[in-house]
Amino acid sequence: MAGTAPQQAGVEGVDGGVGLTALLVAAARAIETHRHDSLAQDVYAEHFVRAAPACADWPVRIEQVPEGDGNPLWGRFARYFGLRTRVLDDFLLGSVRTDARQVVLLGAGLDTRAFRLDWPSDVQVFEIDRAGVLDFKQQVLTDLAAVPTVKRVPVPVDLRADWVTALTTAGFDPAVPSVWLAEGLLFYLPGPAETYLIDTVDRLTTGGSALAFEAKLEKDLLAYRDSPIYTATREQIGIDLLHLFDPGPRPDSAGDLAARGWSTSMHTPFDFTRRHRRGPLPEPNDALEGNRWVFAHKPRP
């Protein structure tokens with residue numbers, strides 16, 4: 001993408017639709033980074049926000065928000081993303097400290113884990129996302145002279161296309177234990193696409209591999225349409241998450257993995273709020289009520 005300005009890349013990569021949600025999460029990580037009680041540090045996050053015209057006026061510090069933590073979007077929702085970042089950081093690092101030598105980020109978005117985490121030297125990180133998103137990210141990181149802390153392999157392919165061939169061509173080895181992450185991804189996909197993705201992860205993994213993903217349990221997403229989080233996201237930055245989420249029934253991916261012999265555990269975000277003593281707690285009319293974080297491990301033979 002040499003010579004392409006961030007603004008040009010952003011138009012096709014992150015300035016609309018689901019791509020814009022990657023910038024929302026980046027802004028949340030920036031706010032978390034600058035907190036005195038931060039759960040996760042991402043010094044690159046605010047640069048993504050500033051490089052994209054669609055969000056040039058978004059806050060990157062909680063002090064820039066008039067209501068501070070009382071703002072449902074930049075306070076509570078952003079703190080949710082900060083907590084999620086920390087929990088999944090810990091999961092990935094724990095996996096590579098045991099068996100996994102390959103990390104696969106599905107729908108990687110503006111994830112900077114290849115740059116900001118302390119990885120073992122023999123690990124590879126594969127980032128799968130649309131070319132426009134990866135191009136935008138690379139341009140911003142190049143402008144910052146950022147250097148990955150691990151072997152990083154971008155895989156520019158849409159998850160609706162033949163991403164398996166793209167991943168294996170990029171060097172992924174199904175015979176080597178791997179850890180996979182689907183962070184904030186599955187509820188944008190139709191149910192059959194989620195099932196295909198989970199089936200494929202099972203097929204491409206050997207014993208000692210692991211997977212983490214985020215799921216939503218609501219039978220009716222619209223039940224929370226007027227929740228403070230969804231309302232604030234629509235009104236303050238023009239992102240209607242419920243319009244972007246797939247409205248169809250969700251598969252029981254955790255159950256499907258368990259039926260294949262994986263060990264699985266499912267948690268609410270609030271479990272980790274209590275563990276870390278920071279983050280959102282349940283509220284009335286809570287759009288986070290149905291969110292679950294699932295962690296799965298494929299046993300060795």
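Source: prediction; values computed, not measured. (Residues numbered from 1 in each chain as written. Predicted model: local features only at pLDDT ≥ 70, side-chain atom pairs only at ≥ 80, totals over all residues. Heavy atoms only, no water.)

Section: the pairing of strand 5 (residues 210-216)
Using the following cut-off: Only protein chains enter the accessibility calculation, which uses a 1.4 Å probe; a residue is then buried when its area is under 20% of its type maximum, exposed when over 50%, and partly exposed in between. To qualify as a helix, a DSSP run of H or I must reach at least 4 residues; to qualify as a strand, a run of E must reach at least 2; elements of each kind are numbered from the N terminus. Two strands make a pair as long as DSSP finds a minimum of two bridges between them. A crossover gets the label right-handed when its path from the first strand over the helix to the second runs clockwise, viewed with the strands pointing away from the viewer.
The element strand 5 is largely enclosed, with a buried count of seven among its seven residues. In strand 5, alternate side chains face the same way, and those of A210, A212, E214 and K216 on one face and L211, F213 and A215 on the other are all buried. In terms of strand pairing, strand 4 (residues 178-182) meets strand 5 through four bridges, oriented parallel. Opposite A182, over in strand 5, you have F213 as the bridge partner. You can see the chain leave strand 4, run along helix 8 (residues 191-203) and come back into strand 5, and the turn it takes is right-handed. Where strand 5 lies against strand 7 (residues 291-297), seven bridges are found, and the strand directions are antiparallel. What sits directly across from A215, in strand 7, is R292.

Some details on the side chain of E194
Relative to the assigned elements, E194 resides in helix 8. Taking the relative accessible area as the measure of exposure, E194 reaches 4% and is therefore buried.

Describing the environment of T112
In plain terms, the rule: Contacts: residue pairs with any heavy atoms within 4.5 Å of one another.
You can see T112 is positioned in the loop between strand 1 (102-106) and helix 5 (113-116). Distance from T112 to R61, taken between C-alpha atoms, is 19 Å for residues 51 residues apart in sequence. With near-sequence residues (within four places) excluded, T112 lies in contact with D42, Y44 and F48.

Focus on the side chain of R292
Stated precisely, the cut-off is as follows: In this count, Lys and Arg are taken as positive residues and Asp and Glu as negative ones, while His and the chain termini are left out. A side-chain nitrogen of Lys or Arg and a carboxyl oxygen of Asp or Glu constitute a salt bridge if their distance falls within 4 Å. Here a polar contact means two N or O atoms within 3.5 Å. Within protein one must be a hydrogen donor candidate and the other an acceptor candidate, and residues neighboring in sequence count only if both atoms are side-chain atoms.
On the secondary structure map, R292 appears in strand 7. One buried charged side chain, R292, makes no salt bridge at all; its nearest oppositely charged neighbour is E289, positioned 6.9 Å away. Side-chain polar atoms of R292 contact the backbone oxygen of E289, separated by 2.9 Å. Apart from residues lying up to four places away in sequence, R292 is in contact with F213, E214, A215, L217, M266, H267 and T268.

Remarks on the packing of helix 4 (residues 72-96) against helix 9 (residues 228-237)
We apply this condition: Angles shown run from 0 to 180 degrees and are taken between the N-to-C directions of axes, each axis being a line fitted to C-alpha atoms and, for helices, limited to the stretch in contact. Throughout this description, any angle smaller than 35 degrees is read as roughly parallel, any larger than 145 degrees as roughly antiparallel, any in the 65 to 115 degree range as roughly perpendicular, and the remainder as oblique. The handedness criterion is simple: a crossing whose near helix is rotated anticlockwise from the far helix by less than a right angle is left-handed, and one whose near helix is rotated clockwise is right-handed.
For the pair helix 4 and helix 9, interaxial distance at closest approach is 9 Å and the crossing angle is 130°. Put simply, helix 4 runs oblique to helix 9. For the element pair helix 4 and helix 9, the recorded crossing hand is left-handed. Of the residues in helix 9, those in contact with P72, L73, W74, R76 and F77 of helix 4 are P228, I229, A232, T233, Q236 and I237.

Examining the sheet that holds strand 3 (residues 151-156)
Spatially, seven strands are ordered 3-2-1-4-5-7-6 in an open sheet, and the strand pairing comes out mixed. Of all the strands in the sheet, the pair left with one neighbour each is strand 3 and strand 6 (263-267). Shown here is a sheet whose adjacent strand axes are inclined to one another by a mean of 15°, direction ignored. Note that strand 1 and strand 4 share four bridges and pair parallel. Within strand 4, the position partnered with V104 by the bridge is W180. Here helix 6 (residues 131-143) sits on the sheet in contact with strand 2 (124-129) and strand 3, set at roughly 140° to strand 3. Those strands touched by helix 12 (residues 269-276) are strand 6 and strand 7, and its axis lies near 85° from that of strand 7.

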